[in-house]
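Descriptive structure summary
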Amino acid sequence: MINEPPVDLLIKQLSPDGKEVSRYCLCVVAAKRARQILEQRDFGSSAYGITYNPNPAAAPVSAKPTENVLVLASKEIGAGKIKAIKD
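The structure reproduced in this document is the subject of the present report. What you see is a predicted model, and the numbers here were worked out from it, not measured in a lab. (Residues numbered from 1 in each chain as written. Predicted model: local features only at pLDDT ≥ 70, side-chain atom pairs only at ≥ 80, totals over all residues. Heavy atoms only, no water.)

Time to look at the overall build of the chain. From N to C terminus, the chain includes three helices and zero strands. Going residue by residue from the N terminus, the α and β elements of the chain occur as α-α-α. Relative to its 87 residues, the chain shows a buried fraction of 26%. Long-range contacts, defined here as pairs at least 24 residues apart, represent 55% of the contacts in the chain between residues at least 6 apart. Counting only carbon and sulfur atoms, one obtains 57% of the accessible surface of the chain, whose full area is about 6,400 Å². (Helix = DSSP H or I, 4+ residues; strand = E, 2+ residues; numbered from the N terminus. Buried < 20%, exposed > 50% of the residue type's maximum accessible area, 1.4 Å probe, protein only. Contact = heavy atoms within 4.5 Å. Areas by Shrake-Rupley, 256 points an atom, 1.4 Å probe, with all protein chains shown as cover.)

The next subject is the side chain of R33. Following the sequence through the fold, R33 ends up in helix α2 (residues 23–44). Of the residues examined, R33 reaches a relative accessible area of 4% and is grouped as buried. In this structure the side chain of R33 is engaged in a polar contact, spanning 2.5 Å, whose partner is the side chain of E76. (Polar contact = N/O pair within 3.5 Å; in protein donor to acceptor, adjacent residues only side chain to side chain.)

Each turn of an α-helix holds 3.6 residues, which means side chains three or four residues apart point in the same direction. Within helix α1 (residues 7–14), the full set of buried residues consists of L10, I11 and L14. Projected down its long axis, α1 carries its buried residues within an arc of 100°, all on one side. Away from its buried face by more than 90 degrees, α1 exposes D8 and K12. (Arc of directions from axis to C-beta.)

Bringing the layout of surface pockets into the picture now. Considering only enclosed or pocket space, the largest pocket measures out at about 550 Å³ in volume. If you trace the largest pocket, you find 19 residues lining it, with C25, V29, A84, I85 and K86 closest to the centre. Here the lining of the largest pocket takes seven residues from α2, the largest share from any one element. Classifying every residue of the lining of the largest pocket by side-chain character gives 10 nonpolar, two polar and seven charged. (1 Å grid on protein atoms, 1.4 Å probe; cavity = no way out; pocket = protein on both sides within 12 Å on 5 of 7 lines; lining within 4 Å. Points joined across faces, edges and corners; volume = space filled by probe spheres on them. Nonpolar A, V, L, I, M, F, W, Y, C, P; charged D, E, K, R; others polar.)

Structure follows, in C-alpha cells:
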C-alpha cells in the first residue's frame, strides 16, 4: 500500500480543469508509468554495452534500482510531472 503521497493528492494532480479522475484512472496511469520506468531500467543498463534512454524528459525522479517502480510513478504523479490524457 502506498501512503505517501496520499491518493487524494494524486487524484487532484491528475484532474484536468478541476474535474476529478477516478481511482481506476489513477491506477492505470501509475501502472503505465511504472512499466515505462522498468523499460528504461532494462534498456538503460550497461549489460548490453550501451546506454539507451528513449525520452530523457521522462527520466524517473530517482534512479535507485532498489526503489519500487510504482512508488516512483506515484511520486512523479504527486509532483505534477505526469498528466492523464483521454484518448
